[in-house]
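Listed below, chain by chain, are the residues.
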Number of protein chains: 2
Amino acid sequence: MITVAEAEKLVLAQVREYGTQTLPFEQALGYVLAEDLKADRDLPPFNRVTMDGIALKYASVKKGIKIFRIKATQAAGEKPVELAQEDECIEIMTGAVLPLSADTVIRYEDLEISEGKATLLPAEMKQGQNLHLRGADKKQGDMVAKAGVVVSPAVISLAASIGKSQLLVKTVPRVMIISSGDELVDVDETPSSFQIRKSNSYTIKAVLKKHNINADLLHIPDDPVITRQKISNCIQNYDVLLLSGGISMGRFDYIPQALEDSGVEKLFHKVAQRPGKPFWFGRHGQSGALVFAFPGNPVATFMCLHRYFLTWLNATLGLPAKKVTYAALGNDFTFKPELRYFLQVTLQTNEQAQLIAIPVEGNGSGDFANLADTEAFLELPMERSEFKKGEVFRVWRFTD
Amino acid sequence: MITVAEAEKLVLAQVREYGTQTLPFEQALGYVLAEDLKADRDLPPFNRVTMDGIALKYASVKKGIKIFRIKATQAAGEKPVELAQEDECIEIMTGAVLPLSADTVIRYEDLEISEGKATLLPAEMKQGQNLHLRGADKKQGDMVAKAGVVVSPAVISLAASIGKSQLLVKTVPRVMIISSGDELVDVDETPSSFQIRKSNSYTIKAVLKKHNINADLLHIPDDPVITRQKISNCIQNYDVLLLSGGISMGRFDYIPQALEDSGVEKLFHKVAQRPGKPFWFGRHGQSGALVFAFPGNPVATFMCLHRYFLTWLNATLGLPAKKVTYAALGNDFTFKPELRYFLQVTLQTNEQAQLIAIPVEGNGSGDFANLADTEAFLELPMERSEFKKGEVFRVWRFTD
């Protein structure tokens, strides 16, 4: 049995590269950007008016001129109109280009306009006011978003503003989620008194959907021949197999044998953790396909998915390691076994901005009914069994 | 001008009810559940074996029997086989139903099996061990997820396990995102030297997508007749209009007039905040449609969307008010104007589990290039201008 740290290291040693693909920029949300985005022009591309009012020369005001003839009205999107006389101004709108002959904008609130003339009201005034100068945000060629970031709504906005309607993003792995065993029936079926419904596969699929992975689902019945065929087929056609259940010492668990027959090498089996102790991880030498076989217990599956698969996915997509987040335990907690314990918690901050992890009461690691109330796992060290209120541990938020 | 608190109150006074709809459970991810989910059977529905091994009567072991004849092998999903003799056992697999005549499971690790017999190895043993008892998680009819929660992967799992393949969820509002002004061109077009590309609409659409709102986009040119027609049409066909830009005092901002002509009543205009001071909010009396008109500045739009629209959406969908999260300022910061300031920050926790907000350097509220690095807004009170490192303020995370 290995430790959580060793398991993480072995999983991270299997980081893969699945290439890139081009997507329409709006569909790229949540993918990892695989190219640098650079400004195609200065941002803003011109001296941009930020208030509706008039544009004029500051020097004219300095000379004492208070009444300006409105030479023209210039909307945003219109070609600028230039001033010829020092007592002229241009009535100008937010978003418009400042004429080269002007340097300052006075907003309507500080003006009186009548009969084609604008009269300055007493107000503070600075040369260059109410302008967003060309290139103030970025110069042409400057980086606006670096390869390796997640395409967020802000990146979508940046892509739009520099005219990148197609984005190169990292391709996500092809994932098959496998359930097995004749005790499982589908959601729409009526289970007999000794059957239950499949649920883990749907949980995994839902979590992966948030990461833009549209995983396929497969159920394998308790039959050695079918199991071998299906597993072998998956190994050839998918990058990752995520199994929940079916990897145990049981007489009807045909999956370990099928994995072996298909050439999948075990990299580890069993991790000193709860839930999730029987977690099995392997690799197919030739195809490079990876097999994460999670225990069938729903909470174990959920924990291993977040703690190992998503950590691996993050590294595989070239994202920086997740920021380590700490939370303080909200209540005393005891856990005796010599295993690292992943405690289901909800999170809140107190008025000192300290993140507090409140344990979710449950019947143990199999109690997935509490998972709906859980926001994170608090990772409690193996070496101890008593954990005191206020002590700080690493926390894994499901939304991170 | 009203305060942020007043603006929030006025927005929240316009909470709406858009009814419910039924979705296949997998598609319900991220929607708000509109029905209670109750266990259709006990969970687990039977005394469930949690380790591969043998099932036997504890009393037989107490009597000193050490060798048990394997009467049958029972897989998960199979009808249980009953014991007839006290020295019999059933070889049994994880997930199987415990026979009524047995009460305890001994795992393979604590056994030696040969020639149809299982011999107990010395090991600690408790009556009822290695079982997950019927109803231990939930009894038939117990609530497993309450109406009013967001459908998370865990709720998907619960729905699957109780056979709810269709879920009743809250219908989200129909949203139209409106940009306006002849200075804006589309992402694929080449702007002239006095034009820029549309970007805010795409940002808003991307944020809404995360909330399962598939918003439509509309661009309105600077033409009073077209503007009136389009606005009037939107009011009739959408629940919410989200505008960015176009609501100012400018001569070519035809939208305020079109809104008035269409019967939209202004509820407020201008909030004592930066960015986003010119935020305008209104309601159509007859249709109940709401108009959030955000300033054109991209950071202002982003902030108002999170601070007001998503707060309103949350309440409209019947979710509890968002948990207030606090963060400590990571650096000293000065902001003089008498406005509530929304500071762009990144977040981290220190080893005391305190959430620290690090200001993102920028050129002011128009600098949307920094938005890609921003994780949250820290909300700094209006009454002060000096904010010290370590002081704690409310924070708005974009992922919450």
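Residues numbered from 1 in each chain as written. Chains lettered and ligands numbered in written order. Predicted model: local features only at pLDDT ≥ 70, side-chain atom pairs only at ≥ 80, totals over all residues. Heavy atoms only, no water.

As annotated in an unreviewed UniProt entry, chain A carries the name Molybdopterin molybdenumtransferase and is attributed to Mucilaginibacter oryzae. Of chain A, the UniProt comment under Pathway (unreviewed entry) reads exactly: "Cofactor biosynthesis; molybdopterin biosynthesis." (UniProt positions renumbered as here; feature names shortened; annotations may be inferred.)

**With respect to the relation of the copies chain A and chain B**
Its rotation angle being 180 degrees, the transformation that places chain A on chain B also includes 0.0 Å of axial translation and leaves an RMSD of 0.0 Å. The two molecules are tied by a two-fold rotation axis, judged by turn and shift. Closest approach to the rotation axis within chain A is made by the C-alpha atom of Q354(A), at a distance of 2.0 Å. With an isologous cut-off of 70% or more, the 99% of interface residues of chain A that recur at the interface of chain B puts this contact in the isologous class. (Least-squares fit on C-alpha atoms with pLDDT ≥ 70 in both. Contact = heavy atoms within 4.5 Å.)

**Overview of the nonpolar core**
A general feature of soluble globular proteins is that nonpolar side chains tend to end up buried together. Core analysis: the biggest nonpolar cluster contains 130 residues, and L242(A), F292(A), F309(A), F292(B) and F309(B) have the highest contact counts within it. Residues in contact with F309(A), not counting those within four places in the same chain, are V175(A), L208(A), I213(A), V240(A), L242(A), F292(A), F294(A) and C304(A). (Core = buried A, V, L, I, M, F, W, Y, C linked by side-chain atoms within 4.5 Å. Buried < 20%, exposed > 50% of the residue type's maximum accessible area, 1.4 Å probe, protein only.)

**Concerning the packing of aromatic side chains**
Evaluation of the coordinates by the stated rule reveals 36 aromatic pairs over all chains. On the numbers, 5.3 Å between centres and 85 degrees between planes, the contact of F268(B) with F279(B) is edge-to-face. Here F279(B) lies in the loop between β19 (273-274) and β20 (280-284) and F268(B) lies in strand β18 (residues 264-269), a separation of 11 residues in the sequence. Accessibility expressed as a relative area gives 0% for F279(B), which makes it buried. Relative to F398(B), the ring of F302(B) has its centre 4.9 Å away and its plane inclined at 85 degrees; by these criteria the two rings are edge-to-face. Of this pair, F302(B) sits in helix α7 (residues 298-316) while F398(B) is found in the segment after β28 (392-397), placing the two residues 96 residues apart along the sequence. What links up through ring pairs into an aromatic cluster is the set Y18(A), F268(A), F279(A), F281(A), F292(A), F294(A), Y308(A), F309(A) and W312(A). Taking the ring centre of Y308(A) as reference, the NZ or CZ of R307(A) above it sits at 5.9 Å. (Phe/Tyr/Trp six-rings, centres within 6.5 Å; stacked < 30°, edge-to-face > 60°. Helix = DSSP H or I, 4+ residues; strand = E, 2+ residues; numbered from the N terminus. Lys NZ or Arg CZ within 6 Å of the ring centre and 35° of its normal.)

**Quick word on the sheet that holds strand β5 (residues 67-74) of chain B**
Residues and elements named next belong to chain B. A sheet is described by the order of its strands in space; here 6 strands give the open sequence β7-β4-β6-β5-β9-β8, paired in mixed fashion. Each of the sheet's edge strands pairs with one partner strand only, and the pair in question is β7 (104-107) and β8 (111-114). When the angles between neighbouring strand axes are averaged without regard to direction, this sheet yields 35 degrees. Bridge count for β8 against strand β9 (residues 117-120) is 4 bridges, and the pairing is antiparallel. (Pairing = 2+ DSSP bridges. Axes fitted to C-alpha atoms, helices over the stretch in contact; angles between N-to-C directions.)

**Observations regarding the domain arrangement of chain A**
Interface extent is often summarised as the accessible area lost during association of the parts. Structurally, chain A comprises domain 1 (4-18 + 173-316), domain 2 (20-43 + 136-170), domain 3 (48-132) and domain 4 (325-397). Taken over C-alpha atoms, the centre of domain 1 of chain A sits 34 Å from the centre of domain 2 of chain A. (Domains from an automatic or database assignment.)

**So, helix α5 (residues 224-237) of chain B**
Since the α-helix advances by 3.6 residues per turn, residues separated by three or four positions end up pointing in the same direction. Residues and elements named next belong to chain B. Between its first and last C-alpha, α5 extends 20 Å over 14 residues, near the 20 Å set by a 1.5 Å rise per residue. Turning to α5, its buried residues are T227, I231, C234 and I235. End-on, the buried residues of α5 take up no more than an arc of 100 degrees, which puts them together on one face. Two or three places before V225, at the opening of α5, D223 has a side-chain oxygen 2.9 Å from that residue's backbone nitrogen. (Expected span 1.5 Å × (residues − 1). Arc of directions from axis to C-beta. Polar contact = N/O pair within 3.5 Å; in protein donor to acceptor, adjacent residues only side chain to side chain.)

**Digging into the interface of chain A and chain B**
At the interface, 97 residues of chain A touch 96 residues of chain B. Between chain A and chain B the total buried area reaches about 7300 Å² when both faces are included, carbon and sulfur atoms providing 60% of it. For the pair chain A and chain B, the interface holds 6 salt bridges. The partner of E109(B) in a salt bridge is K270(A), with the nearest N and O atoms 3.8 Å apart. Counting every contact that joins chain A to chain B gives 22 residue pairs in polar contact (both at pLDDT 80 or more). For the side of chain A that touches chain B, the elements supplying multiple residues, two or more each, are α3 (153-161), β15 (196-197), α4 (200-209), β22 (325-329), β24 (340-349) and β28 (392-397) of chain A. The greatest single-element share of the side of chain A that touches chain B, amounting to 9 residues, is contributed by α3(A). For the side of chain A that touches chain B, the per-class residue count stands at 42 nonpolar, 25 polar and 30 charged. (Buried area = accessible area lost by both parts, 1.4 Å probe. Salt bridge = Lys/Arg side-chain N within 4 Å of Asp/Glu carboxyl O. Nonpolar A, V, L, I, M, F, W, Y, C, P; charged D, E, K, R; others polar.)

**Focus: the packing of helix α1 (residues 4-12) of chain A against helix α7 (residues 298-316) of chain A**
Residue and element names in this part refer to chain A. It is at 9 Å that the axes of α1 and α7 come closest, and there the two elements cross at 40 degrees. It follows that α1 is oblique to α7 by the angle criterion. When you trace α1 past α7, the crossing you get is right-handed. Contact residues: α1 offers V4, A7, E8, V11 and L12, while α7 offers R307, Y308, T311, W312 and A315. Broken down by class, the residue content of the contact of α1 with α7 amounts to 7 nonpolar, 1 polar and 2 charged. (Parallel < 35°, antiparallel > 145°, perpendicular 65-115°, else oblique. Left-handed = near helix turned anticlockwise from the far one by under 90°.)

**Focus: the pairing of β24(A)**
Residue and element names in this part refer to chain A. Among the 10 residues that make up β24, 7 are buried, leaving the element largely enclosed by the rest of the structure. As defined by bridge partners, strand β19 (residues 273-274) adjoins β24 across 2 bridges and the pair is classed as parallel. If you follow Q273 over to β24, its bridge partner there is R340. Where β24 lies against strand β26 (residues 376-380), 5 bridges are found, and the strand directions are antiparallel. Its bridge partner lying in β26, L343 is registered against L378. Here 5 bridges tie β24 to strand β25 (residues 355-359), and the two strands are oriented antiparallel to one another. Within β25, the residue paired with L347 across the bridge is A357.

**Considerations on the sheet that holds strand β16 (residues 216-220) of chain B**
All names here are of chain B. The 6 strands are arranged β16-β13-β17-β21-β20-β18 in an open sheet whose pairing can be described as mixed. Every other strand in the sheet has two partners, leaving β16 and β18 as the edge strands with one partner each. Ignoring strand direction, the axes of neighbouring strands in this sheet form an average angle of 20 degrees. In the sheet, β20 pairs with strand β21 (residues 290-294) via 4 bridges, with the strands oriented antiparallel. Paired with F281 across the two strands is F292, which belongs to β21. This element, helix α4 (residues 200-209), spans β13 (175-180), β16, β17 (240-244) and β21 of the sheet and lies at about 165 degrees to β13.

**With respect to the environment of V149(A)**
Residue and element names in this part refer to chain A. Structurally, V149 is set in the loop between β11 (143-145) and α3. Along the sequence, V149 and G318 sit 169 residues apart, while their C-alpha atoms lie 8.6 Å from each other. Beyond its immediate stretch of four places on either side in the chain, V149 contacts Y31, V32, L33, V155 and L319.

**Describing the environment of E82(A)**
All names here are of chain A. The topology assignment puts E82 in the loop between β5 (67-74) and β6 (88-92). For E82, a relative accessible area of 31% translates into the label partly exposed. When the C-alpha atoms of E82 and P99 are compared, they prove to be 5.5 Å apart, with 17 residues separating the residues in sequence. Not counting residues within four places of it along the chain, the set of residues in contact with E82 comprises K71, P99, L100 and S101. Only 3.1 Å separates the side chain of E82 from the backbone nitrogen of L100, close enough to count as a polar contact.

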